[in-house]
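What follows is each chain in one-letter form.
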Amino acid sequence: MPPSRDEDLDWLYGRSPRPPGPEPTRVLPPAADDPSAAPPTPSWDRPAAPPPDPRRVDPGCGRTPRTPPPGRRPQGPAGPPPAPPTAPGGRPPRRRHPVRNAVRALALLVALALAWLVGVPAYAWSQVGRVDDAPAGERPGDQPGQTFLLVGSDSREGLTAAERKRLGTGKTEGQRTDTIMLLHVPPGGEPALVSIPRDSFVDIPGHGENKINAAFAFGGAPLLEQTVEQSTGLRVDGYLEIGFGGFVNVIDALGGIEMCLPKAIEDRDSHLDLPKGCQELDGTTALGYVRMRKADPRGDLGRVERQREMLAAVAGEAASPATVLNPVRYWRLSTASARSVRLGEDTSLWQVGTLALAMRTVAAGGGLTLTVPVSDPDASTSAGSAVLWDEKEAAAMFSDLARGDTSDLQQYVR
């Protein structure tokens, strides 16, 4: 029996050996170099395919597909989902993160606030005036802690006739010290603010015995510093001076200062007429309050107590949150202070920061405020009525300060 068609092709698929006989003829496509071969029809000569009928019948189910309305995405497996929208440049649009954006905005505000808090004092520091305060002669050696000499000058320099009348400063020429204080910051313990009565009768190098405020008139800051160092045995590490006009400007920049008066004050020389109790004092009134002496039965001793009280109140108000958080007040105080004070040539920014922190501590009640011990507040001297120190107690107090020890100074508080 002849082999079937499938059996006859088994040899071709490797299922059986090739049968004997001639090889079957295979039809090959015409060669590319055959001239008799018909050339392929170009694509542009081919008939175009007819457009698809939108209502063609699906041979699979016999239903006519519905055309989706314009703007509506077709449903079902009609094709791949549309690509997400892209921003200009081919990038996908950025997703919004409200929390992250809020954190970034808050960080920016904090950075700007810090720049303001640091930048304003830095600018003010560049405007501060300097004064040569280096004393001549032999000086005390280095001592623990730091001691600052704070001077309120009664110089009328720069004040017009109208301002002198308004401030009640008179027409006295030259300059003297209306206020002399020592602020000692020990290595440990409480800072101490010590008032030196301006009428203290002391020896002024090269000028003999006189009231201590005359040293400023004779030789300015250097001679006053030399006189203080010689009289107390303390080495002065920093110097700060403020005049009448500067004092008023600082108080006004703070918007006034609150003081509580134990009794009413009426003093024509100081232009004061104040009721008893707590009240807000502007710069002019505050100046009259700290300078008043004739209406105070304690004279110069009562005066230095009011000066310490006022200085502590100013320091406390300047360091309050109301000043730091109010940009207008912060700017006015910084610039007014820079224009109003003069620093010693060697007084650094670091020392001013130390002084400010110590004054803030004193204002908060964490420091000591006292006056040089006095034996006679109204002694008759070659310079007229003057204040005599209690030499024994004064020497003991200054000795404690020279050792950087303020733990026993409470006994000198009067």
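Up top you'll find the structure we're talking about.
The present account deals with the structure reproduced in this document. (Residues numbered from 1 in each chain as written. Predicted model: local features only at pLDDT ≥ 70, side-chain atom pairs only at ≥ 80, totals over all residues. Heavy atoms only, no water.)

## So, the environment of Val248
Among the structural elements, Val248 can be located in helix 5 (residues 244-253). Distance in space between the C-alpha atoms of Val248 and Gly288 is 10.0 Å, their sequence separation being 40 residues. (Helix = DSSP H or I, 4+ residues; strand = E, 2+ residues; numbered from the N terminus.)

## Observations regarding the sheet that holds strand 2 (residues 146-153)
An order of 1-12-7-2-3-4-13 is seen for the 7 strands of this open sheet, with the pairing classed as mixed. Single-partner strands in this sheet number two, and they are strand 1 (129-131) and strand 13 (368-371). Direction aside, neighbouring strands of the sheet carry axes that sit 25° apart on average. Bridge count for strand 4 (residues 192-195) against strand 13 is 4 bridges, and the pairing is parallel. Within strand 13, the residue paired with Ala192 across the bridge is Leu368. Set on the sheet, helix 7 (residues 300-318) makes contact with strand 2, strand 3 (177-185), strand 4 and strand 13; between it and strand 3 the angle comes to about 60°. Against the sheet, helix 11 (residues 391-402) makes contact with strand 3, strand 4 and strand 13, and its axis sits at roughly 145° relative to strand 4, the strand it touches most. (Pairing = 2+ DSSP bridges. Axes fitted to C-alpha atoms, helices over the stretch in contact; angles between N-to-C directions. Contact = heavy atoms within 4.5 Å.)

## Points about the state of the cysteines
Overall, the coordinates contain 1 disulfide when judged by the stated rule. Residue pairing for Cys260: its cysteine sulfur links by disulfide to Cys278, the two sulfurs lying 1.8 Å apart. With the S-S dihedral at roughly 100°, the linkage between Cys260 and Cys278 falls on the right-handed side. Separated by 18 residues along the polypeptide, Cys260 in strand 8 (residues 257-261) and Cys278 in strand 11 (residues 277-281) bring together distant segments of the chain. Since its relative accessible area comes to 40%, Cys260 is described here as partly exposed. (Disulfide = S-S within 2.5 Å. Buried < 20%, exposed > 50% of the residue type's maximum accessible area, 1.4 Å probe, protein only.)

Limitation: the analysis is restricted to geometry and does not speak to function.
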